[in-house]
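# A closer look at the structure
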Amino acid sequence: MIRHRKRLIYLLGFMGSGKSTVGQLLARRIGWPFIDLDSTIEAGQGASIRDIFERVGEPFFRQIERAALAEISKSEPAVIALGGGTWVQDANLELIRNTGGATVWLDSSVEELRRRCAAITNRPLFRDTESFVQLYNQRLPYYQLAEFRVGTDGFTPEEVAERILGLKIF
Ligand code: S3P
């Protein structure tokens, strides 16, 4: 049981799980600012995530991501949408846990995620179904380390936000 909790909610989960959409709705409902990590990185770099990956590669993207995460984590209160790979980097997981914020995993089936991501072309790590499923399986044990889990299959983003509001976070 965490007693001295910061008024921070981190939404995590695989790409396509709805972190940004749900995060915005949740933030509006509780009257806190919403911060999207990917958008913060894009604004800071003046380039899209896809361009950053192409230009400097994933390892350097992870460094930028970590610096941006550290910066936005100083904000309070805030609902923060992480990128799909943020929470699975050990240093980030530790940083997030050390903030005392709540971590909520948006748990979607891999079939649902694949269906959503196939329709969007701006994700550098979405290449083909096989590697997508492989990456998902690789990351699953990390996502399971989140404090809270909310299933998203069959729910609208509004309903998912509502379900998060029903969690005993604070
Ligand atoms: C990534 C997911 C993306 C973005 C980058 C890397 C990942 O965010 O941070 O392309 O490693 O899964 P979304 O989960 O918002 O798509």
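Look a little higher up for the structure.
Note that the structure is a prediction, hence the values are computed from the model and not measured.

### Some words on the environment of P157
- On the secondary structure map, P157 appears in helix α7 (residues 157-165).
- We classify P157 as partly exposed; its relative accessible area is 32%.
- Counting along the chain gives 40 residues from P157 to C117, while the straight-line C-alpha distance between them is 16 Å.
- Apart from residues lying up to four places away in sequence, P157 is in contact with T21, V22 and L25.

### Remarks on the side chain of R62
- Tracing the backbone shows R62 in helix α3 (residues 49-72).
- Once you skip the residues sitting within four places of it in the chain, R62 turns out to touch G85, T86, Q89, L125 and R139.

### Quick notes on the pattern of salt bridges
- Considering all chains together, one arrives at eight salt bridges under this definition.
- When the shortest N-O distance is used, the salt bridge between E162 and R29 registers 2.6 Å. Here the residue E162 occupies a position in helix α7, and R29 occupies one in helix α1 (residues 19-30), the gap between them amounting to 133 residues.
- For R62, the salt bridge identified is with E58, shortest N-O distance 2.8 Å. Taken together, the residues R62 and E58, both in helix α3 and four residues apart, mark about one turn of the helix.

### Here's the deal with α7
- Every buried residue of α7 is accounted for by V160, A161 and I164. Relative to the axis of α7, the buried residues are bounded by an arc of 100° and lie together on one face.
- Packing partners of the buried residues in α7 comprise β1 (8-12), α1, β4 (102-107) and β5 (148-151).

### Notes on the site of the ligand
- Taken together, 14 residues sit near the ligand, with K19, D38, R62, R123 and R139 positioned nearest.
- Within the side chain of D38, a nitrogen or oxygen atom sits 2.7 Å from an oxygen atom of the ligand.
- With respect to the ligand, the backbone of G85 contributes an N or O atom lying 3.4 Å from an oxygen atom.
- Alone, the ligand offers 390 Å² of accessible surface; in the complex the protein occludes 94% of this.

### Examining the nonpolar core
- Grouped together as the largest cluster of nonpolar side chains are 37 residues, with contacts concentrated most on F14, M15, I41, I80, L82 and F132.
- Sorting the residues of this core by element identifies β1, α2 (37-45), α3, β3 (78-81), α4 (90-99), α5 (110-118) and α6 (129-143) as the ones contributing at least two each.
- With eight residues, the top contributor of residues to this core is α3.
- Once you skip the residues sitting within four places of it in the chain, I41 turns out to touch I49, I52, F61, I64, E65 and A68.

### What to know about the sheet that holds β5
- Read from one edge to the other, the open sheet built from five strands follows the order β2-β3-β1-β4-β5, with strand pairing classed as parallel. The two strands at the open ends of the sheet, each matched to only one other strand, are β2 (34-36) and β5. When the angles between neighbouring strand axes are averaged without regard to direction, this sheet yields 25°.
- Where β1 and β3 come together, four bridges link them in parallel fashion. Looking across to β3, one finds that Y10 is bridged to I80.
- Where α2 meets the sheet, its contacts fall on β2 and β3, and the angle it forms with β2 comes to roughly 65°.

What counts, and where the lines are drawn
Residues numbered from 1 in each chain as written. Predicted model: local features only at pLDDT ≥ 70, side-chain atom pairs only at ≥ 80, totals over all residues. Heavy atoms only, no water. Helix = DSSP H or I, 4+ residues; strand = E, 2+ residues; numbered from the N terminus. Buried < 20%, exposed > 50% of the residue type's maximum accessible area, 1.4 Å probe, protein only. Contact = heavy atoms within 4.5 Å. Salt bridge = Lys/Arg side-chain N within 4 Å of Asp/Glu carboxyl O. Arc of directions from axis to C-beta. Near = heavy atom within 4 Å. Polar contact = N/O pair within 3.5 Å; in protein donor to acceptor, adjacent residues only side chain to side chain. Areas by Shrake-Rupley, 256 points an atom, 1.4 Å probe, with all protein chains shown as cover. Core = buried A, V, L, I, M, F, W, Y, C linked by side-chain atoms within 4.5 Å. Pairing = 2+ DSSP bridges. Axes fitted to C-alpha atoms, helices over the stretch in contact; angles between N-to-C directions.

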